[in-house]
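Overview (structure and organization)
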Amino acid sequence: MTKLTITNSSKSWGKPILVAVTLLSLCIEAAAQTYALAPLWYDTTNSPVGTHITTGDVNRGMAYYAASNIVFVVNKGITGSGTTPAIDALDGTTGAYLGSANVTGVVTGSSGGNFSLNYIGVANDGVLYGANLSTTPAYKIYQWTNWTTAPTIVYSGDPTGGLTTGKRVGDSIAITGSGVNTMILAAVVSGTTPTTNMVLFSTVDGVNFTPTLLDISGMAAPSGNDGPEPGYTFFTNNTFLYNPENSSTYLVQFPANFASLTSPVTATNLLTTTFGGNPVFLSYNPTAGLLATMGPVPNSTSATAKTAVSLYEVPPFSDLASALATTNFVTTNANGNFVGGVALGGVGGTNVIYALDCNNGIQAESILFTAGAIPPSISSQPVGGAFFSTLPSFTLAVAAGGTAPLYYQWQFNSVSNVATATNILAATNNTYTITNPTASVSGWYDVIVTNAGGVTNSIPVQVTVLSPTTNSAFSNLWSLSPSSRPYLDPAGNYDTRGLAFDTNTMTLLVCDKGADLGIFVLNATNGNDLFAMNTIGIGVTGDQFSLDQVGVADDGIVYACNLYDTGSTADTFAIFSWSSVSSNAVPQFAYGPSDPSAPGIQDRWGDTMAVRGAGANTEILLGSYNGFLNGPATNAALLTTTATDGTGFNALPLIITNASGIPAGFSSLGICFGAGNTFWAKSPGDDLYEIAFDPVSGNCNILLDLPSGTSGNSSFNSMSSICLDSIHNILTGITFNDVPNDLSVYQLYGTPSAPLPVPPYLSDQAFFPSNIGNSQANGVTIIKAPYIFGLDVNNGLAALTYGALTAPPFPGFPATASAVTTGKGVTITWQSYSNVSYQVEYSTLLTSNTAWTDLGSSILATNISTSYTDTNPPDVARYYRVVLP
């Protein structure tokens, strides 16, 4: 059998994680966020009914307003160029016709420009703007604060200020801002002189706009420059994107104070880039960083001719050769003027692309976004501990987050020995269970968590398997699991708290404080239930638990106590007695209700109790509990009587006179009688103490203080619930840090009346049949030769028998002894224990019956290493050894 020890590690990974990543990357490729375009609706020419979407090169501009979810489409002239225009309103989700804008007041005829309305746009506040197309100074911009009411003219005149010749303004516009911060951008085209001019309109009142001519530096004037220039959109920080030739696209910046400067104002090309497909129309969403494009537009009537509608992420500008997503606008009719428009729409301007291709209708494409996989991250690392192989199984678990699905692969020995690191077959869940552990499973464990977004590793945890300590002198008799009896409650109520053994009737008594309140009697040899004691009337007003501990004196009288933990000034601690282990015995007061505490203080009593003797020589020992009431919890109490019927006990506080440094609660959960007028005490985390007491004065003196380090494979520090066989020098207890908890049997060094101050020797371990937490460390062990019984609250009962024991090997020597010859003699050095006496001996011959002679007096060690020098050795050879005197 073996024990597993698991510890967490914060080691860096280095090579092991690189190996894991490399292997997994062969089969799982990281997935970034993706976009796709899917048809939402398509309004062809003359459909839906009532709209002015038709052929004849009349639908030249489009705009979208998110707050109302409306797509606006302009018709430059219902019956031809220069005649009455129309602006249709379509539902952005369905394309349904909502009506047409009120165009009363839009100037028609020659004074209205080449086309009365040619292009439209919507500001951020929902105000609709439309502009005519003009090759004369009669350029006009109209404003609709509500598309169902008549517009007003917010600009009329020559926006270039007469600084260009053969100019043409109005093929398209771009709008940003709202209210007094509204800006309108319009390209300037000249049929006679190549130009890099644009006009930027501003307003100080939201209803009157002023033009500023921009002269773009760093950009070559497009050749020809006599056609529409629709490819521009506002970007960010006083910039706009401009694509005048369906080839290179420019990022142009204008001065923030342009409106206060005298035209023309220089704008600067910051960079030149090229989009895949050389689009014509642009629409940018600065919040999302998305750019919608359409184009190039083919001049074809072929049914296979297509216009690309695409989506880009900008910035960066470094990789625009391919779009995030693209689809095609089927152009069944020629668009010889290469006019139309594109707009981002939907919630936040990120859900839809609307595209207008003149003579071919409007197409709406849903933007489908799939978020990139969130890489895995570990929120709860594997947690280790120490457990023996008697535990049927142990589970390592990890909690991880990230985009599903998550893939797990547990590894073995990935830290301590990279060369032997292996994936554990079939260990591909977030938990890995080690069943029936043996020494072969010792090593480091970690788990790799992978998904489409990446890979991560848990911290490594170490699993160490140790064999339980066994001794052939001890035999397991029987055990009972929690829940196997009503009074063995594993539900975390900590109800089953008392245990006693009566050698007269060979019965075991189990005390339950909870719903099954009572004292239950079992056959000590096999654990079978026999009967329950009569506990009618048990309890004292104001007590914490009516029953807690139970004990049996040598004459068979049963004693049980309540638990006093109310904090009141009333004396509510009591001990009850029964004349024998019998269902007919009736309880009576043996002590109290009273308080065994020293005068002027108030300790908590009843957590632990020991009984010995018979009749008038019966003694009851109590330990005080730390952390309750106002007592120091550094005292114990001795109850004695002159009666022979188990009644009439008097309490004597046991006060330790040399208690400097003794911890409060040193006897809280473990106290037992020793040889003569001594008792032993140990609580979890505290040292093991042997204490002599005066049964008359109550004065106590510490005889032995054994540090609570580890002894053997058992976690001696957490051991408590002790009992002592002072004849055989055996100490029993329950070790609560072992997993599962075990009934630990120790042998003391020295003699029963004079134990040596060295840690006891772990001789045997009997494990309880379950592994349920016992954070309160409640338990009892009973040892009366040749039987040992243990109760671990929440974990059941265990029973042992034992036979003749051999003396334990004394630790520390002679394996580490050495002798060094110097000019002053021979020095012998050996490992030692403080306060232990050693004797150096010598002989001149080594035979089967060598006679050894003491060399000097015995030495009382004061440290972990002790030396003695033979200063005048004779010329003949000497052999040395170190023994206990």
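Residues numbered from 1 in each chain as written. Predicted model: local features only at pLDDT ≥ 70, side-chain atom pairs only at ≥ 80, totals over all residues. Heavy atoms only, no water.

1. Quick notes on the overall build of the protein
The cut-off we apply is this: A helix here means a DSSP run of H or I that spans at least four residues, while a strand means a run of E at least two residues long, and both kinds are numbered starting from the N terminus. Radius of gyration: C-alpha atoms only; globule rule: 2.2 Å multiplied by the number of residues to the exponent 0.38. Accessibility here uses a 1.4 Å probe with only protein chains present; expressed as a share of the type maximum, an area under 20% marks a residue as buried, one over 50% as exposed, and anything in between as partly exposed. Whether two residues are in contact is decided by their heavy atoms, any of which lying within 4.5 Å being enough. Computed by Shrake-Rupley with a 1.4 Å probe, the accessible areas treat only the displayed protein chains as cover when residues are assessed. Within this scheme the basic residues Lys and Arg register as positive and the acidic residues Asp and Glu register as negative, but His and the chain ends are omitted. By convention, charge coordinates are those of NZ in Lys, CZ in Arg, CG in Asp, or CD in Glu.
In terms of helices and strands, the protein carries one helix and 68 strands. In terms of overall dimensions, the protein is more spread out than a globule: its C-alpha atoms have a radius of gyration of 48 Å, far above the 29 Å expected for 885 residues. Seen through its C-alpha atoms, the protein measures out along the principal axes to roughly 135 × 80 × 50 Å. Among the 885 residues that make up the protein, the fraction classed as buried is 53%. Counting only contacts in the protein whose residues sit at least 6 apart along the sequence, the fraction spanning at least 24 positions is 57%. Within the structure as shown, the protein displays about 34700 Å² of accessible surface, and the carbon and sulfur contribution to it stands at 52%. Computing the positive centroid from 19 side-chain charges and the negative centroid from 49, the protein places the two 9 Å apart.

2. Comments concerning the sheet that holds strand β60 (residues 787-792)
Inclusion rule: Any two strands with at least two DSSP bridges between them are considered paired. Working convention: axes come from line fits to C-alpha atoms, limited for helices to the stretch in contact. Angles between N-to-C directions cover 0 to 180 degrees.
The strand order across the open sheet formed by four strands is β36-β61-β60-β59, and the pairing between neighbours is antiparallel. Both edges of this open sheet fall to β36 (474-480) and β59 (779-784), since each of them pairs with a single strand only. On average, each strand axis in the sheet is inclined to that of its neighbour by 15°, with strand direction left out of account. Across six bridges, the pairing between β59 and β60 is antiparallel. Within β60, the residue paired with V780 across the bridge is L791.

3. Details of the pattern of salt bridges
Threshold: Any Lys or Arg side-chain nitrogen found within 4 Å of a carboxyl oxygen on Asp or Glu counts as a salt bridge.
Applying the stated criterion to the full structure yields ten salt bridges. When the shortest N-O distance is used, the salt bridge between D158 and K167 registers 3.3 Å. Residue class for K167 comes out buried when judged on its relative accessible area of 15%. We note a salt bridge from R612 to E619, for which the minimum N-O separation is 2.7 Å. Judged by its relative accessible area of 13%, E619 is buried.

4. Regarding the packing of aromatic side chains
For clarity, the cut-off: When two rings of Phe, Tyr or Trp (its six-membered ring) have centres within 6.5 Å they constitute a pair, described as stacked for plane angles under 30 degrees, edge-to-face for angles over 60, and tilted for the intermediate range.
All told, the structure shown has 34 aromatic pairs when counted by the stated rule. With 5.0 Å between their ring centres and 50° between their planes, Y35 and F369 make a pair best called tilted. Of the two residues, Y35 sits in strand β2 (residues 34-43) while F369 sits in strand β25 (residues 362-370), which places them 334 residues apart along the sequence. Seen in terms of ring centroids, Y64 and Y354 are 5.1 Å apart; in terms of plane orientation they differ by 25°. Their pairing is stacked. One end of the pair, Y64, is in strand β3 (residues 59-65); the other, Y354, is in strand β24 (residues 352-357), and 290 residues separate them in sequence. Of the two residues, Y64 and Y354, neither departs from the other in class, the shared state being buried.

5. Structural notes on the sheet that holds strand β51 (residues 688-693)
Strand order in the open sheet made by the eight strands is β45-β46-β47-β48-β52-β51-β50-β49, with mixed pairing throughout. Here the strands that pair on one side only, and so sit at the sheet edges, are β45 (609-612) and β49 (671-673). This sheet shows a mean twist of 30° between the axes of neighbouring strands, independent of strand direction. The sheet contact formed by β51 and strand β52 (residues 699-706) spans six bridges and is antiparallel. Counted as the bridge partner of F693 is C700 from β52.

6. Details of unusual backbone geometry
The step from G592 to P593 runs through a cis peptide bond, and the omega angle for that step is 5°. Along the chain, the position of P593 falls in strand β44 (residues 588-594). Of note, N237 is a non-glycine position whose phi angle comes to about 55°, a positive value. Structurally, N237 is set in the loop between β15 (232-234) and β16 (239-242). Accessibility expressed as a relative area gives 66% for N237, which makes it exposed. You will see that S721, though not glycine, has its phi angle at about 55°, which is positive. For S721, a relative accessible area of 3% puts it in the buried group.

7. Focus: the environment of I120
Within the secondary structure, I120 sits in strand β7 (residues 115-122). Of the residues examined, I120 reaches a relative accessible area of 1% and is grouped as buried. Considering only alpha carbons, one finds I120 and L884, 764 residues apart in sequence, at a separation of 108 Å. Apart from the residues within four sequence positions on either side, I120 is in contact with G61, M62, A63, F72, V73, V74, I87, L128, Y129, G130 and I173.

8. Points about the side chain of S763
Looking at the element boundaries, S763 is found in strand β58 (residues 761-767). Not counting the four nearest positions on each side in its chain, S763 is found in contact with T469, T470, N471, F474, V745, Y746 and Q747.

9. Thoughts on the nonpolar core
Condition: By nonpolar core is meant a set of buried Ala, Val, Leu, Ile, Met, Phe, Trp, Tyr and Cys residues that side-chain atoms within 4.5 Å join together.
Within the largest apolar cluster, 38 residues are counted, with the highest numbers of intra-cluster contacts made by Y129, Y139, I141, L185, F201, F240 and F254. Beyond its immediate stretch of four places on either side in the chain, F254 contacts M183, L200, L214, F234, N238, T239, F240 and A267. If you look at the next biggest cluster of nonpolar residues, it comprises 20 residues, including F387, V398, V463 and V465.

10. Remarks on the confidence of the model for the protein
Stated formally: Confidence scores here are pLDDT values: one per residue, from the predictor, ranging 0 to 100.
Per-residue pLDDT for the protein averages 87, and the proportion of residues at 70 or more is 90%. For the stretch residues 1-29, pLDDT sits under 50, and the model shows 90 contacts to residues farther than four places along the chain or on other chains.

11. So, the environment of D512
The condition that has to hold: Polar contacts, as used here, are pairs of N or O atoms within 3.5 Å; protein pairs need one atom able to donate a hydrogen and one able to accept it. Residues neighboring in sequence count only if both atoms are side-chain atoms.
Looking at the element boundaries, D512 is found in strand β38 (residues 507-512). For the pair D512 and A681, spaced 169 residues apart in sequence, the C-alpha separation works out to 24 Å. If we ignore the near neighbours within four places in the chain, the residues touching D512 are P486, Y487, D495, T496, L517, G518, F520 and L547. Among the polar contacts made by the side chain of D512, one reaches the main-chain amide nitrogen of G514 at a distance of 2.6 Å.

12. As for the pairing of strand β20 (residues 290-294)
With five of five residues buried, β20 lies mostly within the body of the structure. Taking every second residue as pointing to the same face, both faces of β20 are buried, with L290, A292 and M294 on one and L291 and T293 on the other. Inspection of the sheet shows strand β19 (residues 281-285) paired to β20 by five bridges, in the antiparallel sense. The residue of β20 that forms the bridge with Y284 is L291.

13. Considerations on the state of the cysteines
Filter applied, for reference: Disulfide assignment relies on a single distance test, namely cysteine sulfur atoms paired within 2.5 Å.
Per the stated rule, a full pass over the model turns up zero disulfides. C511 takes part in no disulfide bond, and the closest cysteine sulfur to it belongs to C561, at a distance of 7.8 Å. Free cysteine C723: the closest other cysteine sulfur is in C672, separated by 5.5 Å. A residue is classified by how much of its surface remains accessible, and C723, at 14% relative accessible area, is buried.

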